[in-house]
Every structure is written in C-alpha cells, then in structure tokens.
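Chain by chain, the residues:
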Amino acid sequence: MLSITKTLQTLKPNNLQTRQISSLKVEWRKDTKLDQAIEHDKKYKLCSKVIKEVLNEPGQSIPLHFLEKRRERLRLNVKIKTFIEKNPTLFHLYVDKLKQKSQPLPFVKPSERLKRFLEDEARVYRDNEGLIVAKMCKLLMIAKDRVIHADKLVHVKREFGFPNDFMVSIVDKYPNYFKLHGSPGGQGKSFLELVEWNPEFAKSVIELRAEEESKATGIQVRPSFNYKLPPGFFLRKEMREWVRDWLEQGYISPYADASHYDQGSPEMENRMVGVLHELLSLSLYKRVPIPILGKFCDEFRFSNSFSSVFTRHSGIFYMSLKGGIRTAVLREAYKDDVLVDRDPLLEIKDKFVELLEEGWREYEEKIKLKGELQKKDKEIMAEIKSRDLDDQGFDEEQ
C-alpha cells in the first residue's frame, strides 16, 4: 500500500485561522474498476501505434522486414506478419522492389478500409473544430503568461484530441486566437501564445455545472467539487476534518489570476485542484498520465510534489498504477469502468474500434473455417485409412 506523508495547512472557514496537521498519512488504494477502464484501451492504442508508424513513412508504405525491426520499439509481442493477419482491416501486403535492380520484397501499406476510416477521422475533426479551438484557448488561458511551449502541446495532442497537424490546420486558421513563435520540432524554442481572451471560454466545467443547476432549480448554486470516495475507502478522522474544511472554502477558478497566491497556501491548493480537474475534464478520456502533466509544472504553476494531490483528494481523483505508469483519473467521469462523460471527439475512437472488431471477427471466422477444414480432412483421411484396412483384410481372406 502506498503511503504519502505531508504536512498540510488548512483554513477554518469561520475565523480564517490556519492550523497545522502534522504527519498526515494518505493511503493509496487500488480501484479495480478504474484500472479496468485503462486496461480496455491497451490493444486499441497498440494498433494505433503501428498505424502511425506506417502512415509516417514516405508514400505511407514500408518494407515488411523494416517494420519487423521496429517491433521491439512498438512493444509488439508477435511478429509483424502475424499482427497484420490478426488485424486484416488495417493493412494490405503487396510485393514491390526497394530499388530498381533489387529482388521483390513484401511491403505494407494502409488497407482501403483503413483509408475510409482516416477520411471519417478528418470529418470528425472538421465537425468539432470549434471544440478543438476552445480546448486550445482554455489551456493557454490557464497557463502563466498565456503561453505554452509548442513542442509540449504537440506531445499531448492525443490526450486532448487534437489532430496531428493542429499547429498548421488550427493555429494558422485562427490568427485572432493564436500566435506561434518559432517552429515546433525545429532548432530553438517555440511557443504558442494566446492573442485574444474569450470570456466564454473562461468558465470551468465546475462553474458551468453550477450555472446549469442554478437555472434548473432557480436557486443560486455555488461552484464546488463532486467529492465521492469509492466503496471500501475510508479516511482517518484528521483527514476527514481537513477535507471538510477544505471543501467549504470558496472555489477558485483555474482561469483566475493566481500570481498573488503563495505556493504552499490553502488557496494555491484549491487552485491547483481546480486546474487539474479542468485539465482532466478537457482530456479525451478524462485521464492523463502524471508524467505528461508534470511537463507543465512551470506553465500551470504546479509544485514539484503536485502528484500528491491525487491521493490527498481521493474523492475527486484516482491515481492508477496500471502498466507501471501513474495515471490521474477524474472519478466523476466514470461509472465503474465505463466512461460516462464522453467527449464528442471520441466518435473517432468508436469508429476505430468498429474497424478493429470487424477485422477480429473476420480473423476468428477464418481460424474457425480453417479448423473445420482440417477436421474434415482428418475425417476423410481416417475414412480412407479405414477402407484401406478393410480392403487389406479382404485380400488376406481371399
């Protein structure tokens, strides 16, 4: 069991006096359901990595033996040819020459069905361009000085559902929102800067939820975190009191100016939880690997020990250790192992899953048919052998 010891400060809501809580232990507990949610996506992500490897090649084609050499880096536990056979909807094998005078070799290229999926993917990105622009603006609005290193944004594009070419297709198209300094991936540092602050984007998921509840009930609802501990999880008395007092503090929007807060203050704790909640809410799966979040410590004013927030606030977050990677998960977005707070951009994943499962069914039917043919061949051979024995016995009697 993982134990994190922290000295925390808390603010009493009535008299604004602070108190110290020493040797406060927060125990990490495994959440099997949320770990299963992460496990579900492993094989889809693996297929996606292989597709990306082929699509990034010139002409979107690569010799089979070249791809085989990259198997370890791709973390494939089967040979590339076997992988292609098990996923018949993804690739097409054909024979070509690497050079004009060389021997013909098997090559790999995208299948027609994969090409149709890529067309659907492009359509979904077009249909949700406004959402992508809003997400990018929100990330910059939360960041210190409204600037983020461009290469860091490129690194997290899949976490937030940005298209591969968003630095061109989105940034260049919206000069009223974005200004790129330098060239991502090139020499020297490059930064993406927010040009215009849009007040409509400066509302967090928590604030929007409070507004909707206020309209529905006719009663002013204060923005607040959903705090629900998983079954079987209990807090010690000291921690329960600290959480109670902390939740009674006023919510601090991640879009509010935080430059005047001290790093170790209760207000900064409140603000950091709000920022992490918003970042996970903006992500595709409402979960992000903690090392990726850690790359933004400077931009989002996180302390070096920011990851302890995920265990300290176990009713809001879950820190999964699945696969040896620490992943921050937003609890309220899931019901058991099912993501219920779905991003519109997940239509891409849904279509990808359909494509993969179609191929898996074809492969299973092929294996089943092969088994039936082998069984029939064995029966025929057994019948022939039996007839031969009968004929041999007849001849001996004669």
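You'll find the structure just up there.
Reading the values: the criteria
Residues numbered from 1 in each chain as written. Predicted model: local features only at pLDDT ≥ 70, side-chain atom pairs only at ≥ 80, totals over all residues. Heavy atoms only, no water. Phe/Tyr/Trp six-rings, centres within 6.5 Å; stacked < 30°, edge-to-face > 60°. Helix = DSSP H or I, 4+ residues; strand = E, 2+ residues; numbered from the N terminus. Buried < 20%, exposed > 50% of the residue type's maximum accessible area, 1.4 Å probe, protein only. Lys NZ or Arg CZ within 6 Å of the ring centre and 35° of its normal. Core = buried A, V, L, I, M, F, W, Y, C linked by side-chain atoms within 4.5 Å. Arc of directions from axis to C-beta. Salt bridge = Lys/Arg side-chain N within 4 Å of Asp/Glu carboxyl O. Contact = heavy atoms within 4.5 Å.

Some words on the packing of aromatic side chains
This structure, assessed with the given rule, holds 16 aromatic pairs. On the basis of an interplanar angle of 15° and a centroid distance of 5.9 Å, the ring pair of Y44 and W360 is categorised as stacked. You can see Y44 sitting in helix 2 (residues 42-55) and its partner W360 sitting in helix 17 (residues 347-397), a full 316 residues away along the chain. Summarising the burial analysis for this pair, Y44 and W360 share the class buried. Residues F306 and F310 carry aromatic rings whose centres are separated by 6.3 Å and whose planes lie at 80° to one another, so their mutual orientation is edge-to-face. Of the two residues examined, F306 and F310, each falls in the buried class. Ring pairing ties together the aromatic residues F296, F300, F302, F306, F310 and F317, which thus form one cluster. Cation over ring: K45 sits above Y285, and NZ or CZ is 5.9 Å from the ring centre. One Lys or Arg, K152, reaches over the ring of F296 and ends 5.9 Å from the middle of that ring.

Observations regarding the nonpolar core
F91, F178 and F300 are the most contacted members of the largest nonpolar core, which has 99 residues in total. It is helix 7 (residues 129-142) that provides the largest number of residues to this core, a total of nine residues.

Some points on helix 12 (residues 237-247)
Note that an α-helix has 3.6 residues per turn; residues three or four places apart therefore point the same way. Listed as buried for helix 12 are M239, W242, V243, D245 and W246. The buried residues of helix 12 occupy an angular sector of 165° when the element is viewed end-on, so they sit on one face.

As for the pattern of salt bridges
Note on pairing: side chains with opposite charge can pair once their charged atoms come close. Applying the stated criterion across every chain, the model contains 26 salt bridges. A salt bridge links D41 to K349, with the shortest nitrogen-to-oxygen separation between them at 2.8 Å. Of the two residues, D41 sits in the loop between helix 1 (32-40) and helix 2 while K349 sits in helix 17, which places them 308 residues apart along the sequence. One salt bridge in this structure joins E57 and R70, with 2.9 Å as the shortest N-O distance. Linking E57 in the loop between helix 2 and strand 3 (62-63) with R70 in the loop between helix 3 (64-69) and helix 4 (71-74), this pair joins segments that are 13 residues apart in sequence.

As for helix 1
Taken residue by residue, helix 1 has L34, D35, A37 and I38 as its buried positions. Taken around the axis of helix 1, the buried residues stretch over an arc of 150°, which confines them to a single face. In this structure, the buried residues of helix 1 make contact with helix 2, strand 9 (287-289), strand 10 (317-320), strand 11 (327-330) and strand 12 (334-335).

Here's the deal with unusual backbone geometry
If you check the backbone angles, D145 has positive phi at about 65° while not being a glycine. Given the relative accessible area of 64%, D145 is considered exposed. The phi torsion at R146 lies on the positive side, around 55°, for a residue other than glycine. Position of R146 among the secondary structure elements: in the loop between helix 7 and strand 6 (147-149).

Focus: the side chain of E129
Here E129 is to be found in helix 7. Classification of E129 by relative accessible area gives buried; the value is 15%. When residues no more than four places from it in sequence are discounted, the contact partners of E129 are I170, K173 and Y174.

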